[in-house]
Amino acid sequence: VEIAARYQVDLPANGRLNLGIAYANAETTIDLLRPNPVLPTAPYLLTRSRLLLDSAQPEHRARFEANYERGPLSLQANVSYFGPYSSAGLGNAFPQKWGEKTVVDLSGRYMLGDRFTIGAGVQNVGDVLPDQFSFNDVPAIIAATGSSFPTGEESPIGVNGRTFFVRLETRF
């Protein structure tokens, strides 16, 4: 089930406000797996693969976005909510439930004439990070990366935390 709504209103002094809200509820299940004809005792999908298909994406997702435009200036704010999900981390056969997260992104753009636009922003303003593994012994494969992935790799919010960007666009 997905529900989305948009609203646009013109504001005084040539301003415009665009608002959007969306919600998605997606439950995925695996009803049947055919046996492996080559190796009947070996399953096609192990625990990690099954979780990736039916549990690694949050069942509930929501998004609110606001965009203000006035002349060459545009400001945007996005708030994204991701519900809990389950997965098994690298080298870990035991499923773990990861908690819900909300992320805020802010950006702005300014048009420089007809051909150039400069923009800047911050993704994940609150520096929200995914939950860490619940077990104390970091799997060997993660330890081999210098523990650079102490979280589930399927995280819908990424694993890098807050990021900044500057962009220059041109039209030909």
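Preceding this section is the structure that the text describes.
Residues numbered from 1 in each chain as written. Predicted model: local features only at pLDDT ≥ 70, side-chain atom pairs only at ≥ 80, totals over all residues. Heavy atoms only, no water.

Engineer: Which residues make up the pairing of strand β7 (residues 101-112), and what values do they have?
Structural biologist: Alignment of strand β4 (residues 73-82) against β7, held across ten bridges, turns out to be antiparallel. The residue bridging L73 from the neighbouring strand is Y110, located in β7. Bridging between β7 and strand β8 (residues 116-123) involves seven bridges; their strand directions are antiparallel. In the strand pairing of β8, L112 is matched with F116. The turn linking β7 back onto β8 is made up of three residues, and G113 within it adopts a positive phi angle of 75 degrees. (Pairing = 2+ DSSP bridges. Helix = DSSP H or I, 4+ residues; strand = E, 2+ residues; numbered from the N terminus.)

Engineer: For the sheet that holds strand β9 (residues 163-170), give the residues involved together with the corresponding values.
Structural biologist: Judged by pairing direction, the sheet is antiparallel, and its seven strands sit side by side in the order β1-β2-β3-β4-β7-β8-β9 without closing on themselves. Each of the sheet's edge strands pairs with one partner strand only, and the pair in question is β1 (2-11) and β9. The average undirected angle you get between the axes of adjacent strands in this sheet is 10 degrees. Here β1 runs beside strand β2 (residues 15-25); their pairing, made up of ten bridges, is antiparallel. By the bridge assignment, V9 is partnered in β2 with L17. (Axes fitted to C-alpha atoms, helices over the stretch in contact; angles between N-to-C directions.)

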